[in-house]
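# Secondary and tertiary structure notes
If you want the building blocks of each chain, they are given just below.
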Number of protein chains: 4
Amino acid sequence: MVDEIQEGSYVLLYLDERRSYMVRVERGKVLHTHKGFISLDDLIGREFGTRIKSSMGVDFVAFKPSIRDYVYKSARGTQIIYPKDMALIILFGNIGPGSRVVEAGTGVGALTTALASYVRPTGRVYSYEVRGEFLEIARKNLERAGVLDYVELKNKDITQGIDEVNVDAVVLDMATPWLVVPHAYRALRGSGSFISFSPTIDQVVRTVEDLRANNFADIETIECLIRRIRAERGKTRPETLMTGHTGYMVFARKTIVSP
Amino acid sequence: MVDEIQEGSYVLLYLDERRSYMVRVERGKVLHTHKGFISLDDLIGREFGTRIKSSMGVDFVAFKPSIRDYVYKSARGTQIIYPKDMALIILFGNIGPGSRVVEAGTGVGALTTALASYVRPTGRVYSYEVRGEFLEIARKNLERAGVLDYVELKNKDITQGIDEVNVDAVVLDMATPWLVVPHAYRALRGSGSFISFSPTIDQVVRTVEDLRANNFADIETIECLIRRIRAERGKTRPETLMTGHTGYMVFARKTIVSP
Amino acid sequence: MVDEIQEGSYVLLYLDERRSYMVRVERGKVLHTHKGFISLDDLIGREFGTRIKSSMGVDFVAFKPSIRDYVYKSARGTQIIYPKDMALIILFGNIGPGSRVVEAGTGVGALTTALASYVRPTGRVYSYEVRGEFLEIARKNLERAGVLDYVELKNKDITQGIDEVNVDAVVLDMATPWLVVPHAYRALRGSGSFISFSPTIDQVVRTVEDLRANNFADIETIECLIRRIRAERGKTRPETLMTGHTGYMVFARKTIVSP
Amino acid sequence: MVDEIQEGSYVLLYLDERRSYMVRVERGKVLHTHKGFISLDDLIGREFGTRIKSSMGVDFVAFKPSIRDYVYKSARGTQIIYPKDMALIILFGNIGPGSRVVEAGTGVGALTTALASYVRPTGRVYSYEVRGEFLEIARKNLERAGVLDYVELKNKDITQGIDEVNVDAVVLDMATPWLVVPHAYRALRGSGSFISFSPTIDQVVRTVEDLRANNFADIETIECLIRRIRAERGKTRPETLMTGHTGYMVFARKTIVSP
């Protein structure tokens, strides 16, 4: 059973590594690009991954969007955690199918999308956001990515407390993660993961201090640098420009002090 | 419902970031370390994450093992892909709950463990290994990690062909990934991910050439550097020693050339 | 004896880390910037390093240009070796006061400027450039930096041979450094340094192979990554963008095979 | 005129990139290594760079020591600044032939050796060290490297003040560089360079704050990562282990506030 593009499917029309377009396929709809237009009717019934020519004869590929595509397309100019960092947050944070995860702040829902994709089908993401105006944007992004059912969006200030208990992980992308450390301790099950993402080293130091003071252990702080390689016989070299810093990630696990 | 340690549970007895011990809890069993012994009986009925003192009064934590713990403990001196690279393989390769993934070679099953953990509960990993002696080791590691049910171990040479069709991803950690490119093309669904991990740049160049010649697109090659930070007020600095290179990862997606 | 700005002095009018202007001080001359104008008359007789306000009241500093300033200002849009790489070429290449150095190609004379600055006052740089049109540009840049006297510019193709003998170092920034390896061997004194700078790994591999085949030893290939840090209490972090790759440097020393 | 090894010459007997021996050539002296012995008599009258076989038939090269060799061999187990960082300190600090440089602390004289090598023949290094026991070690290292004549060793605490005025650069490798900022300001000529090297980010932040408060400009903080590449056709890759952190370098230039 081949996976076919249908009315209502989301498709990533891919031109090259810099230019791609996320569209919802509808009858009669046309995508206009500077490389010509593409009639979306022509995609219906085709297999995902099909190459299609624009009106100017330029090759596009109609990819089925990946988690990373949904994440990038949800950003729309706002600052989001990069997928490289999300990947580490998820694996090093031991977040996977079935995990119950508390997240703050939701923002446009980019990290929420990745978390929800990985806790499926039996897990759940409880996502706190104090700025109400973001929640509607996040909801739309999660719906497009097909993961809204696995998320509970909460218009609450997580520094005031966490409603959930016995969760597997608490993931923080916010200015003052250290304020959440005691709440995270109460919300987590024993062995559960605390994860915070912070651009500055000052945030890291305060957070690590509070983790040490609150019975967390196995505390580690890392940053991740990705280097892209141009691989071509006779011309192989790393790319000239590189993202030099996105943020630091702090990981820790909750311990129980026995009486 | 707190998660309690029971007979048969695996526990990570954690001393510090360099020393931890994975044990299966059994009545009457004792763990001997250079910091004293711990009677595993004492753990039964306690919550995961509990701190426990050894006979020498040294603090250990009885963590519930994470995916990363199972991965590291399966290595036992062999060369495995690092969890940092696994994390990127999984997220950038769009592997998640429900994915059907072909992998080669199995080795001790370290990457297999991570893949299986993330395709749960409805996905499946088909893992090829030509060296039969590894399969039993891999099976034990997968069983311990609780993910054997999601894996089909195959004692086959993947360069001779792939049995499965319409899979979501093909992940290669082997000396000659380029030999598998045509097989991977046939096995993948449209938009499906090809991923290879290779220590040398020469392997990357050959693989990328063959991907270009076999209708793959969105080909990217990256490497990932992790820097660990010692975060402590007045003494904050990156760690002196660093893993400078593990390997390059090549990602690509299958395209369909329409007739 | 304070170092005073005089007529004819070169001055770096520094606004911030992105904007600075190299000017030659002349009576009646005015520098126009988008932050107002500065009458260069006002600088005469002042100490280097003096702060001066533009007509719009904006602070500039009249620095005495450094070697790095001369290097950067000689580039004018062409591709030059970065000062970070020059620094390593010079120290790892054991180039210092008194060294006799062969260089190719000259280009705009950026690396030549740095080399000449460090071989002063008794050393000499023999700089080969096959493209005659560059030599006049290089001459002007070297003259402005005050180091022309230490350089011999040669409109010659170094792949055809090197005129000098018994030199301390041969430094190559050109497309085919391996073609120069046998010539470099003849030109160098025993223990002398071969250094090549190449953007691609393919160039490195060919060069290293030829060095091994031509009695060079202590061959090492490195690349240098510089990370800039924004240091500010409460906001300290590495900069977001980073130069991810400039080129690889190969170092080797000539050995003599005794009869 | 070939450069010949004589009695009294220092020679680097090089076996491979990990093992090399610095010796002073004397009649009758023998170097014993685990790869056999070498009679130093045999080197006299030979050209530097000559290959020589040990008693076990293993090839060594009798290199003329480079600045980097002298630097490394002066360390003898103490913590010294790495040559990669020295190279940047020197070029980015605009230190060259003729420069007058204040340095603290001297330690074993490793950085002093590099600085002295580059200010020759008309410049001078004034090197402060409060721990008297180091000065004799430094003196021997500088003498061996042939640069003692360009150095004034001072058994003084630089945080109490700097004797020299109108110097070109102040270079600090000490625990509390910020305490020296006001002294450095008085000692430097306008446009002169302040450079400090510090392992921790906390030291950097305090130093940068004090530089801003003391009329320094063009303040920049960097760190330098060197990656070594194993270049061999079919096996080319960066080395597995890497030095992940040595220290941060802060550079600044003195400005004069006109009355």
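Everything below is about the structure shown above.
## Describing helix H2 (residues 83-92) of chain C
Residues and elements named next belong to chain C.
- Of all ten residues in H2, ten are buried; the element is thus mostly enclosed.
- For H2, the full list of buried residues reads Pro83, Lys84, Asp85, Met86, Ala87, Leu88, Ile89, Ile90, Leu91 and Phe92.
- Two residues or fewer past H2, Asn94 is found with a positive phi of approximately 60 degrees.

## A closer look at the relation of the copies chain D and chain C
- By a simple turn and slide, chain D fits onto chain C: the slide is 0.0 Å along the axis, the RMSD is 0.0 Å, and the turn is 180 degrees. Such a combination of rotation and displacement between the chain copies is what one expects of a two-fold axis.
- Most of the interface of chain D is mirrored in chain C, where 100% of its interface residues again form contacts.

## Quick word on the interface of chain D and chain C
- Taken together, the contacts link 62 residues of chain D with 62 residues of chain C.
- Counting residues per element, the side of chain D that touches chain C draws most heavily on strand E12 (residues 216-230) of chain D, at twelve residues.
- Partitioned by chemical class, the residues of the side of chain D that touches chain C number 31 nonpolar, twelve polar and 19 charged.
- In this sheet, E12 of chain D lies alongside strand E12 (residues 216-230) of chain C in antiparallel orientation, the contact comprising nine bridges.

## What to know about unusual backbone geometry
- With an omega dihedral of -10 degrees, the bond running from Ala104 of chain A to Gly105 of chain A counts as a cis peptide bond.
- The residue Gly105 of chain A is located in the loop between strand E7 (100-104) and helix H3 (110-119) in this model.
- Cis geometry is adopted by the peptide bond preceding Pro121 of chain D, which originates at Arg120 of chain D and carries an omega value of -5 degrees.
- Along the polypeptide, Pro121 of chain D turns up in the loop between helix H3 (110-119) and strand E8 (124-128).

## Some details on the sheet that holds strand E6 (residues 59-63) of chain C
All names here are of chain C.
- Spatially, four strands are ordered E2-E1-E6-E5 in an open sheet, and the strand pairing comes out antiparallel. Of all the strands in the sheet, the pair left with one neighbour each is strand E2 (20-24) and strand E5 (50-53). Adjacent strand axes in the sheet meet at a mean angle of 30 degrees when their direction is disregarded.

## Some remarks on the pairing of strand E7 (residues 100-104) of chain C
Residue and element names in this part refer to chain C.
- Among the five residues in E7, five count as buried, and that is most of the element.
- Pairing analysis gives five bridges linking E7 to strand E8 (residues 124-128), with the strands arranged parallel. Its bridge partner lying in E8, Arg100 is registered against Arg124.
- Assessed by its sense of winding, the connection that carries the chain from E7 through helix H3 (residues 110-119) to E8 is right-handed.
- Where E7 meets strand E10 (residues 167-172), four bridges bridge the pair, whose relative direction is parallel. Opposite Ala104, over in E10, you have Leu172 as the bridge partner.

## Brief notes about the environment of Thr159 of chain B
Residues and elements named next belong to chain B.
- As for its placement among the helices and strands, Thr159 is situated in the loop between strand E9 (151-154) and strand E10 (167-172).
- The exposure class of Thr159 is partly exposed, given the 17 C-beta atoms found within 10 Å.
- When the C-alpha positions of Thr159 and Ile67 are compared, they lie 29 Å apart, and in sequence the two are 92 residues distant.
- Beyond its immediate chain neighbours, meaning those up to four positions away, Thr159 contacts Thr176, Leu179 and Val180.

What counts as what
Residues numbered from 1 in each chain as written. Chains lettered and ligands numbered in written order. Predicted model: local features only at pLDDT ≥ 70, side-chain atom pairs only at ≥ 80, totals over all residues. Buried ≥ 20, exposed ≤ 12 C-beta atoms within 10 Å, placed from the backbone. Helix = DSSP H or I, 4+ residues; strand = E, 2+ residues; numbered from the N terminus. Least-squares fit on C-alpha atoms with pLDDT ≥ 70 in both. Contact = placed C-beta atoms within 7 Å. Nonpolar A, V, L, I, M, F, W, Y, C, P; charged D, E, K, R; others polar. Pairing = 2+ DSSP bridges. Axes fitted to C-alpha atoms, helices over the stretch in contact; angles between N-to-C directions. Right-handed = clockwise from strand over helix to strand, strands pointing away.

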